[in-house]
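Take a look at the letters that make up each chain.
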Amino acid sequence: FHDHSIDLHFNQIVQSGQVNTDASKVVADRAAQETQAAQARYDQSKLVFMLAVLLGAIPMSIVMNLTLQRMGRGFRQARSAASAIAANDLTQGINPTGADEITELLTELRTMQANLRTLLGTVMRGAESISAASQQVAAGSVDLSGRTEQQASSLEETASATEQLTSSVGAN
């Protein structure tokens with residue numbers, strides 16, 4: 001007993017398996033192509049990103065380095081000026097350049113230095129005036145002392161003469 005319908009069914013299954021195998025191959029090939037294309041896009045994107053980072057990081061690093069150098073110079077100049085002022089040296093020149101906060105600080109230090117010079121000049125002139133006045137007072141005191149001594153001497157002479165006159169009048 002051999003049923004042809006079973007052979008027919010078996011042949012259909014075998015043929016459909018062949019079709020499925022061909023379809024799987026096409027799908028697998030297509031998947032491999034898509035994977036390669038995706039990998040290529042990923043590699044390209046990674047390269048673009050790395051270039052963007054490098055091209056952005058290098059100029060940014062240069063700008064940061066220049067900024068740090070400028071700040072260092074400005075702070076050294078400000079520290080030097082403040083140290084000179086603290087050491088009573090108002091002659092050190094302060095020459096701010098630029099338009100940043102450090103320049104503002106240096107400008108304020110220069111203004112403080114100029115105001116201190118003005119104040120010191122005013123105090124010096126006042127001290128000179130006081131010195132001249134005290135010299136005049138001292139000279140006046142010496143003069144007054146001399147005249148007082150002369151008057152005391154004259155008074156002694158007058159007292160002595162008065163005594164002699166009184167003795168003379170008393171003896172007559």
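Up top is the structure.
Basis of the calculations
Residues numbered from 1 in each chain as written. Predicted model: local features only at pLDDT ≥ 70, side-chain atom pairs only at ≥ 80, totals over all residues. Heavy atoms only, no water. Core = buried A, V, L, I, M, F, W, Y, C linked by side-chain atoms within 4.5 Å. Buried < 20%, exposed > 50% of the residue type's maximum accessible area, 1.4 Å probe, protein only. Helix = DSSP H or I, 4+ residues; strand = E, 2+ residues; numbered from the N terminus. Contact = heavy atoms within 4.5 Å. Salt bridge = Lys/Arg side-chain N within 4 Å of Asp/Glu carboxyl O. Expected span 1.5 Å × (residues − 1).

Side note on the nonpolar core
In this structure, A78, A81, I94, I102, L106 and L109 together form the largest nonpolar core, which totals 6 residues. Take this core: its biggest share by element is 3 residues, from helix α2 (residues 101-171). Ignoring anything within four residues of it in the chain, the contact list for I102 reads R70, M71, G74 and F75.

Some thoughts on unusual backbone geometry
We note that N88 has phi near 65 degrees; this positive angle belongs to a residue other than glycine. Summarising the element assignment, N88 is placed in the loop between α1 (4-86) and α2. Taking the relative accessible area as the measure of exposure, N88 reaches 69% and is therefore exposed.

Focus: the pattern of salt bridges
Throughout the structure, instances matching the rule amount to 3 salt bridges. Between E34 and R30 there is a salt bridge, with its nearest N and O atoms 3.4 Å apart. Remark: R30 and E34 occur in helix α1; sequence separation between them is 4 residues, near one turn of the helix.

What about α2?
For α2, which comprises 71 residues, the first-to-last C-alpha distance of 102 Å matches the rise-based estimate of 105 Å (1.5 Å per residue) to within 8%. For α2, the complete set of buried residues consists of I102, T103, L106, L109, Q113 and G121.

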